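Chain and residue survey
Residue strings, one per chain:
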Amino acid sequence: MFDLFKTKAEVASAEIHRVPNAAAALDFIFDTLRKEGVAEAPGAKAVWVPGPILGAPAERIEAAVPGVHCRVTRELAAESRIGVSEVDAAIADTGTLMVDATAVEHRLVSTLTEIHVAVVRTARIKPNLQALVDEMGAPKGAYLSLITGPSRTADIERVLTIGVHGPRRLIVVCVDDASGVN
């Protein structure tokens, strides 16, 4: 299932990475933040919504890279370059991520930043939307978001433009053993 998801997501210009566990995922994300120049300055910050997949406490995340903030506000997200969040599932046949974005923090980190780093359990990659809906039953959240690649539009003279309504880059980290870190 992972291979199909990777192929389809890369067609949509997402960057897909697979790691064995939560510790490796944290190392990968911290390295990415450092390479992208995250710092405590407007336009260089990162916002991060901690979650159960990685299981790292906010204090540890914020201490690892200066400029990372886990208390996400609209103002902080607007002046951040990178947003990190965990998503609920992925859909292989379209390369799509699904997240319950009822909490506003999930929408802020995945729409206001230039780069969105999304973390998903590899085991939560489903073959198609119908399989995901069948498994979920009635949606529990008030705001489900489906994300396929970076933000794109072609509504002006059919010219494809990336990053107009959201991130210019989507980096997906698939975690095989998502039992978290302590």
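Relevant structure appears above.
Attention in this report is confined to the structure presented alongside it. (Residues numbered from 1 in each chain as written. Predicted model: local features only at pLDDT ≥ 70, side-chain atom pairs only at ≥ 80, totals over all residues. Heavy atoms only, no water.)

The next subject is the overall build of the protein chain. Of the regular secondary structure elements, the protein chain holds 6 helices and 12 strands. At 16 Å, the protein chain has a C-alpha radius of gyration in line with the 16 Å of a compact globule built from 182 residues. Considered along the principal axes of its C-alpha atoms, the protein chain spans approximately 45 × 40 × 30 Å. Burial analysis of the protein chain (182 residues in total) assigns 46% to the buried set. (Helix = DSSP H or I, 4+ residues; strand = E, 2+ residues; numbered from the N terminus. Rg over C-alpha atoms; globule rule 2.2 N^0.38 Å. Buried < 20%, exposed > 50% of the residue type's maximum accessible area, 1.4 Å probe, protein only.)

Before going further, it helps to examine the environment of Glu114. Structurally, the position occupied by Glu114 is in the loop between helix 5 (104–111) and strand 7 (115–121). The residues touching Glu114, leaving out its near neighbours within four places in the chain, are Ser80, Arg81, Pro167, Arg168 and Arg169. (Contact = heavy atoms within 4.5 Å.)

A word on unusual backbone geometry. Phi angles above zero are rare outside glycine, and Ser13 is one such case at about 75°. Residue position: Ser13 is located in the loop between helix 1 (2–11) and strand 1 (15–21). Judged by relative accessible area, which is 39%, Ser13 ranks as partly exposed.

Strand-to-strand pairing in sheets goes through backbone hydrogen bonds, with the strands running parallel or antiparallel. Read across the open sheet, the 4 strands follow the order 8-5-6-9; overall the sheet is mixed. In this open sheet, the two strands that pair with only one neighbour each are strand 8 (125–126) and strand 9 (144–147). The pairing of strand 5 (residues 89–91) with strand 8 spans 2 bridges and is parallel. Of the residues in strand 8, the one forming a bridge with Ala90 is Ile125. (Pairing = 2+ DSSP bridges.)

Moving on to the packing of aromatic side chains. Aromatic rings in a pair are described by how distant their centres are and how their planes are angled relative to each other. Taken as a whole and assessed by the stated rule, the structure comprises 1 aromatic pair. Here Phe30 and Trp48 contribute two aromatic rings whose centre-to-centre distance is 5.8 Å and whose plane-to-plane angle is 45°, an arrangement assigned as tilted. With Phe30 in helix 2 (residues 22–35) and Trp48 in strand 2 (residues 45–48), the pair connects residues that are 18 residues apart, well separated along the chain. Overall, the relative accessible area of 6% leaves Phe30 in the buried class. Of note, Arg18 hangs over the ring of Phe2, and the distance from its end group to the ring centre comes to 4.5 Å. (Phe/Tyr/Trp six-rings, centres within 6.5 Å; stacked < 30°, edge-to-face > 60°. Lys NZ or Arg CZ within 6 Å of the ring centre and 35° of its normal.)

Our next topic: the side chain of His116. Take His116: it is sitting in strand 7. A residue is classified by how much of its surface remains accessible, and His116, at 1% relative accessible area, is buried. Here the side chain of His116 touches Ser85 through a polar contact of 2.8 Å, side chain to side chain. (Polar contact = N/O pair within 3.5 Å; in protein donor to acceptor, adjacent residues only side chain to side chain.)

On to the side chain of Lys126, then. Mapped onto the secondary structure, Lys126 falls in strand 8. Residue class for Lys126 comes out buried when judged on its relative accessible area of 15%. At a separation of 2.9 Å, a polar atom in the side chain of Lys126 contacts the side chain of Glu135. Those residues in contact with Lys126 that lie beyond four places of it in its chain are Met1, Ala90, Ile91, Ala92, Ala131, Leu132 and Glu135.

The next subject is helix 1. Turning to helix 1, its buried residues number three or more, namely Phe2, Phe5 and Ala9. Buried residues along helix 1 cover an arc of 60° about the axis, so they all sit on one side. Relative to its buried face, helix 1 has exposed residues pointing more than 90 degrees away, namely Asp3 and Val11. Each element contacted by the buried residues of helix 1 is listed here: strand 1, strand 5, strand 6 (96–100), strand 8 and strand 12 (169–177). (Arc of directions from axis to C-beta.)

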